[in-house]
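Close look at the chain arrangement
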Amino acid sequence: MIMSYIWAGIMLVSILASVFLGRGGELAAAVPQGAQAGITLAISMAGSVCLWTGVGKVMEKAGITGFLSRLLRPLLGRVFPTFRTDHALASSLSANVCANFLGLGNAATPMGIQAAQRLAQRSKNGVASNELC
């Protein structure tokens, strides 16, 4: 919610500054260019995110994430003690780590969010655990 106010404030300051400095025409020309660049970026990123998220689902169905989870158990078990008992968390964390190792940061994000949500469910009294932090 706060970010909405921040972005609205930035937009308002931009518009007021362009009007005050007499550059409203330049701002009006820049708006469609920025929108076009944003849409182009979103479309190009969506393709890779969809591809690698699909590959992750195939890996999960084939049992590869389970294998990676067992392979990474010694390392991730020390950092995330809950990892040893929660198999869904182990799968998400393993997939996230492997995707990051492969340089697939955008595709790793959904798996990281799943892992964070799993860890947040275990939080007591709404306080984030050390693992979640």
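Bear in mind that the values here come from a model prediction, so they are computed numbers and not experimental data. (Residues numbered from 1 in each chain as written. Predicted model: local features only at pLDDT ≥ 70, side-chain atom pairs only at ≥ 80, totals over all residues. Heavy atoms only, no water.)

1. Examining the confidence of the model for the chain
- When pLDDT is averaged across the chain, the result is 82; 100% of the residues are at 70 or more.
- When mean pLDDT is compared element by element in the chain, helix α1 (residues 2-20) scores highest at 92, while helix α3 (residues 64-79) scores lowest at 78. (pLDDT = per-residue confidence, 0-100. Helix = DSSP H or I, 4+ residues; strand = E, 2+ residues; numbered from the N terminus.)

2. Some points on a nonpolar patch on the surface
- Together, Met1, Ile2, Met3, Tyr5, Ile6, Trp7 and Ile10 line one region of the surface with nonpolar side chains, adding up to about 830 Å² of accessible area.
- Classification of Tyr5 as exposed rests on a relative accessible area of 54%. (Patch = residues over 30% accessible without salt bridge, like charges linked within 9 Å, V, L, I, M, F, W, Y side chains within 5 Å. Areas by Shrake-Rupley, 256 points an atom, 1.4 Å probe, with all protein chains shown as cover. Salt bridge = Lys/Arg side-chain N within 4 Å of Asp/Glu carboxyl O. Buried < 20%, exposed > 50% of the residue type's maximum accessible area, 1.4 Å probe, protein only.)

3. Concerning helix α4 (residues 87-101)
- Between the first and last C-alpha of α4 there are 21 Å, a value that for 15 residues agrees with the 21 Å anticipated at 1.5 Å per step.
- The buried count for α4 comes to 11 of 15 residues, which makes it a mostly enclosed element.
- Within α4 the residues assigned to the buried category are Leu89, Ala90, Ser91, Ser92, Leu93, Ser94, Ala95, Asn96, Val97, Cys98 and Ala99.
- The elements touched by buried residues of α4 are α3 and α5 (105-121).
- Just beyond α4, the residue with positive phi is Gly103, at close to 80 degrees. (Expected span 1.5 Å × (residues − 1). Contact = heavy atoms within 4.5 Å.)

4. Things to note about the pattern of salt bridges
- Tallying each qualifying case throughout the model produces one salt bridge.
- Across the salt bridge formed by Glu26 and Arg23, the nearest N and O atoms sit 3.5 Å from each other.

5. Describing the environment of Ser69
- Inspection of the secondary structure puts Ser69 in helix α3.
- Note on Ser69: relative accessible area 7%, which makes it buried.
- In this structure, the C-alpha to C-alpha distance between Ser69 and Ser91, residues 22 residues apart in sequence, is 6.0 Å.
- Setting aside residues up to four positions removed in sequence, Ser69 forms contacts with Phe83, Ala90 and Ser94.

6. Observations concerning the packing of α4 against α5
- Their axes nearest at 8 Å, the elements α4 and α5 cross at an angle of 155 degrees. Judged on the interaxial angle alone, α5 and α4 are roughly antiparallel. Between α4 and α5 the crossing geometry is left-handed. Between α4 and α5, the contacting residues are Ala88, Leu89, Ser92, Leu93, Ala95, Asn96, Ala99 and Asn100 on the first element and Gly105, Ala108, Met111, Gly112, Gln114, Ala115, Arg118 and Leu119 on the second.
- Broken down by class, the residue content of the contact of α4 with α5 amounts to nine nonpolar, six polar and one charged. (Axes fitted to C-alpha atoms, helices over the stretch in contact; angles between N-to-C directions. Parallel < 35°, antiparallel > 145°, perpendicular 65-115°, else oblique. Left-handed = near helix turned anticlockwise from the far one by under 90°. Nonpolar A, V, L, I, M, F, W, Y, C, P; charged D, E, K, R; others polar.)

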